Structure formats: structure tokens, C-alpha cells
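Geometric and topological summary
Here is what each chain is made of, one letter per residue.
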Amino acid sequence: MTVQQRTRGAAQCVDCGRAMAVRITSEETLLPIGSTDGCPCGGTEFRMLGE
Ligand SMILES: [Zn+2]
């Protein structure tokens, strides 16, 4: 767990398309920053936005 990679980025909710800042875990799970329950729409799946 010492490898430093990108730990934050912008992602988009798969359900509603909302863009939000996320934290990227070591398992590449995307966790919305400041919203541990996921997107306000109820979605919990996110995909990274393009660079
Ligand atoms: Zn959503």
C-alpha cells in the first residue's frame, strides 16, 4: 500500500451522469468525496471522466 498513484479524480455517476469529485481507493473503487453514500440520485457506481 505504499505505491502512490492518483488518489483523486473526476468521475461521473453511471445512473444520472452527474459529475463529481471522487477519491480513488487502492482497489480502484471510486468514492465520492464528501458523500460516502454515493450520488444524490442513489447511484453507487461511477466511472472516470475522460482526461
Ligand atoms: Zn447519480
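In this text, all values refer to a predicted model and were calculated from it rather than measured experimentally.

Rules behind the numbers
Residues numbered from 1 in each chain as written. Predicted model: local features only at pLDDT ≥ 70, side-chain atom pairs only at ≥ 80, totals over all residues. Helix = DSSP H or I, 4+ residues; strand = E, 2+ residues; numbered from the N terminus. Contact = placed C-beta atoms within 7 Å. Buried ≥ 20, exposed ≤ 12 C-beta atoms within 10 Å, placed from the backbone. Core = buried A, V, L, I, M, F, W, Y, C linked by C-beta atoms within 7 Å. Pairing = 2+ DSSP bridges. Axes fitted to C-alpha atoms, helices over the stretch in contact; angles between N-to-C directions.

1. Things to note about the environment of leucine 31
With respect to the secondary-structure elements, leucine 31 resides in strand 3 (residues 30-32). Residues in contact with leucine 31, not counting those within four places in the same chain, are Val22, Arg23, Thr25 and Thr36.

2. Focus on the environment of glycine 38
Along the chain, glycine 38 falls in the loop between strand 3 and strand 4 (46-48). On the neighbour-count criterion, glycine 38 (17 C-beta atoms within 10 Å) is partly exposed. For glycine 38, the residues in contact, after removing those within four places along its chain, are Pro32, Gly43 and Thr44.

3. Description of the nonpolar core
The biggest cluster of nonpolar side chains holds six residues, and these are Ala11, Cys13, Val22, Leu30, Cys39 and Phe46. Leave out the neighbours within four places in its chain, and cysteine 13 touches Arg18, Cys39, Cys41, Gly43 and Phe46.

4. Remarks on the sheet that holds strand 2 (residues 19-24)
Ordered by their spatial adjacency, four strands build an open sheet running 3-2-1-4, and the pairing between neighbours is antiparallel. Where the open sheet ends on each side, the last strands, each with one partner, are strand 3 and strand 4. Averaged over neighbouring strand pairs, the angle between their axes works out to 50° when direction is ignored. Pairing geometry for strand 2 and strand 3, over three bridges, is antiparallel.

5. What to know about the pairing of strand 2
One ladder, built from five bridges, connects strand 1 (residues 8-13) with strand 2; its direction is antiparallel. In the strand pairing of strand 2, arginine 8 is matched with arginine 23. Hairpin connection, strand 1 to strand 2: the antiparallel pair is bridged by five residues, and glycine 17 has positive phi, about 80°. Where strand 2 hands over to strand 3, the hairpin turn is made up of five residues, of which glutamate 28 adopts a positive phi near 65°.

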